[in-house]
Amino acid sequence: MSRRVVVTGLGAVCGLGLDWETMWEGLTAGRSAIRAWQLPGAPDFPVRYAAPVDDAAFAARYGADEGPKGPLERRARFGLAAAAQALADAGVADPGAIGRIGTAVGSGVPERDPYELLHAIGEDGRPSWRTLFERRDQLDRASGLFCTNDALAAGIAARHRLRGPALNFSTACAGATHAIGHGYRMIRRGEVDAMLVGGADSVLNLPTMTGLHLLGAPSTSELFGDRLCRAFDRDRSGLVAAEGAAMLVLESEESARRRGATVYAELAGFGSSLDAYQVTAPHPEGRGAALAMRRALADGEVAPEAVDSINAHGTSTPLNDPIETRAIKDVFAAGEHYRKLAVTANKTMLGHLIAAAGAPELIATVLSVRDGIVPPTLNLENPDPACDLDYVPEKARYQEVSVAVSNSFGFGGLNASLVVRGYEH
């Protein structure tokens, strides 16, 4: 059984705005969410720029959401808001009426970490079961039952009574793209009728930002101010961290037609791979990245020459950008088709949402196909000679986009690509 899969609902929360319409307007206008930022509680932390969600605006719109054991993690709040948007946008007031519907999301490192358990240790600094039991309320909030990655998928599914499979993908920066791809395949195989898919993440906290900094991933440069994220530019110096969530409703074509749902585009292919090289560096020849794109195109029976645009992973790191360029040139080598591709790097405006990054970038890809607009790659002022594709610098381009590819390549060489095609009944 192989069914066509279409996108019928969108939802987003990010530094550019609190809904997908505002995000898309910002991307097409070339507006950046990256700004001067200070890690809470660590004024001397060397990373000085990020793309955070506007807390005051978020609270005013969505309230101070809390779970049964206290305040929810930031990623959970963003994920719940984006999920509610996507379901409402799809016209799914009663998820039970749509048939078999499940959830698949990508998320990263929980915000709460074992260090919080130190508060429950005895005054002399040594563990005591009596002290731990007396402070069990603190343990509840920080325990594995409430801070594991699966809590995000389960929480979203429970909130909206999505009683199909509830899956979480923890595959670094490719997490959301893996979640979307597997949700797509479950619908195509006929296991479910629809899936709420996407990702939510917030790494703007001390434990995760320290870990990223120790890996050398975030830029510590202050040279370019809020024009810091410079994908494919010779002066790029690292990623700019962000937070937020994006969710999509995927649905079988039959289900969407039966409901009379609006279809944004067709999700037409998914591919993934592993570099099997290093944790902190992609394969120097881009083998894994190329393999993910080839598998996605083969999955959708799409010829490379049919692709018009690529939403690049484009992290603005010294290693990713030239290697991704090399992989694209490898996959689209026939007839030098890579010269005809319009390549965009949304992270120059959204920042890097880490595990959730693939979800807003897929929404941008879907809308690029729908509207015939390729968002710009901001801050590309001095192209790196090793990055010699058409990256659509500075201003959005209006052109027909019949087929587009969205790439996500994570730490550890975890790669995933999705193919989006204009929907024709």
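## Things to note about unusual backbone geometry
Even without glycine at this site, Ile354 takes up a positive phi of about 50°. A relative accessible area of 10% places Ile354 in the buried class. You will see that Asn379, though not glycine, has its phi angle at about 65°, which is positive.

## So, the nonpolar core
Judged by nonpolar contacts, the single largest core of 59 residues is most densely connected at Ile180, Leu248 and Leu250. The element that contributes the greatest number of residues to this core is helix H14 (residues 358-371), accounting for 7 residues. Every residue in contact with Ile180, bar those within four places of it in the chain, is listed here: Val197, Gly198, Leu248, Leu250, Leu267, Gly358, Ala359, Leu362 and Leu418.

## Considering the environment of His213
The topology assignment puts His213 in helix H9 (residues 206-215). Counting along the chain gives 166 residues from His213 to Val47, while the straight-line C-alpha distance between them is 8.0 Å. Residues within four places of His213 in sequence aside, it is in contact with Phe45, Pro46, Val47, Pro218 and Thr220.

## Here's the deal with the pairing of strand E8 (residues 194-202)
The element E8 is extensively covered by neighbouring structure, given that 9 of its 9 residues are classed as buried. Here E8 shows a buried face lined by Ala194, Leu196, Gly198, Ala200 and Ser202 and a second buried face lined by Met195, Val197, Gly199 and Asp201. Note: strand E6 (residues 101-106) against E8, 6 bridges, orientation parallel. The residue of E8 that forms the bridge with Ile101 is Ala194. Where E8 lies against strand E9 (residues 243-252), 9 bridges are found, and the strand directions are antiparallel. Each residue of the ladder has a partner; that of Gly199, found in E9, is Ala246.

## Focus on the side chain of Thr208
Along the chain, the position of Thr208 falls in helix H9. Among residues more than four places away in sequence, those in contact with Thr208 are Val109 and Val203.

## Observations regarding the sheet that holds strand E7 (residues 166-169)
Read across the sheet, 10 strands follow the order E7-E6-E8-E9-E1-E10-E16-E15-E11-E12 without closing on themselves; strand pairing throughout is mixed. In the strand order of this sheet, the two ends are held by E7 and strand E12 (342-344), each with one partner. The sheet shows a mean angle of 25° between the axes of neighbouring strands, taken without regard to direction. Relative to strand E15 (residues 403-410), strand E11 (residues 309-311) runs parallel, the two sharing 3 bridges. Counted as the bridge partner of Ser309 is Ala404 from E15.

## Remarks on the packing of aromatic side chains
Following the criterion strictly, the structure yields 4 aromatic pairs and no others. A ring pair is formed by Trp20 and Tyr264, whose centres lie 5.7 Å apart and whose planes are at 80°; its orientation type is edge-to-face. Of this pair, Trp20 sits in helix H1 (residues 20-29) while Tyr264 sits in the loop between helix H10 (253-259) and strand E10 (265-274), placing them 244 residues apart in sequence. Overall, Trp20 belongs to the buried group, its relative accessible area being 8%.

## Overview of the pairing of E10
In terms of burial, E10 is a largely internal element, 8 of the 10 residues being buried. In terms of strand pairing, strand E1 (residues 5-13) meets E10 through 3 bridges, oriented antiparallel. Within E10, the residue paired with Val6 across the bridge is Glu266. Note: E10 against strand E16 (residues 414-421), 8 bridges, orientation antiparallel.

## Some points on the packing of helix H2 (residues 55-62) against helix H3 (residues 74-89)
Two elements in contact, H2 and H3, have axes separated by 12 Å at closest approach and are oriented at 50°. Overall, the two elements H2 and H3 adopt an arrangement that is oblique. In the crossing of H2 with H3, the sense of the turn from one axis to the other is left-handed. Between H2, through Asp55, Phe58, Ala59 and Tyr62, and H3, the contact on the second element is made entirely by Arg74, Arg77, Phe78, Ala81 and Gln85. Partitioning the contact of H2 with H3 into residue classes produces 5 nonpolar, 1 polar and 3 charged.

## As for the side chain of Lys347
Relative to the helices and strands, Lys347 resides in helix H13 (residues 347-350). At 2.7 Å, the side chain of Lys347 forms a polar contact with the backbone oxygen of His313. Separated by 2.8 Å, the side chains of Lys347 and Glu361 make a polar contact.

## Here's the deal with the environment of Leu152
Relative to the helices and strands, Leu152 resides in helix H7 (residues 150-160). A C-alpha to C-alpha distance of 8.3 Å links Leu152 and Ala200, two positions 48 residues apart in sequence. Dropping the residues within four chain positions of it, Leu152 is found in contact with Arg75, Ala76, Val105, Gly106, Ser107 and Ala200.

## Focus: H3
For H3, with 16 residues, the first-to-last C-alpha span of 23 Å sits near the 22 Å given by 1.5 Å per residue. Most of H3 is tucked away, with 12 of its 16 residues classed as buried. Just past H3, the residue Gly91 takes up positive phi, approximately 75°.

Reading guide: rules and limits
Residues numbered from 1 in each chain as written. Predicted model: local features only at pLDDT ≥ 70, side-chain atom pairs only at ≥ 80, totals over all residues. Heavy atoms only, no water. Buried < 20%, exposed > 50% of the residue type's maximum accessible area, 1.4 Å probe, protein only. Core = buried A, V, L, I, M, F, W, Y, C linked by side-chain atoms within 4.5 Å. Helix = DSSP H or I, 4+ residues; strand = E, 2+ residues; numbered from the N terminus. Contact = heavy atoms within 4.5 Å. Pairing = 2+ DSSP bridges. Axes fitted to C-alpha atoms, helices over the stretch in contact; angles between N-to-C directions. Phe/Tyr/Trp six-rings, centres within 6.5 Å; stacked < 30°, edge-to-face > 60°. Parallel < 35°, antiparallel > 145°, perpendicular 65-115°, else oblique. Left-handed = near helix turned anticlockwise from the far one by under 90°. Nonpolar A, V, L, I, M, F, W, Y, C, P; charged D, E, K, R; others polar. Polar contact = N/O pair within 3.5 Å; in protein donor to acceptor, adjacent residues only side chain to side chain. Expected span 1.5 Å × (residues − 1).

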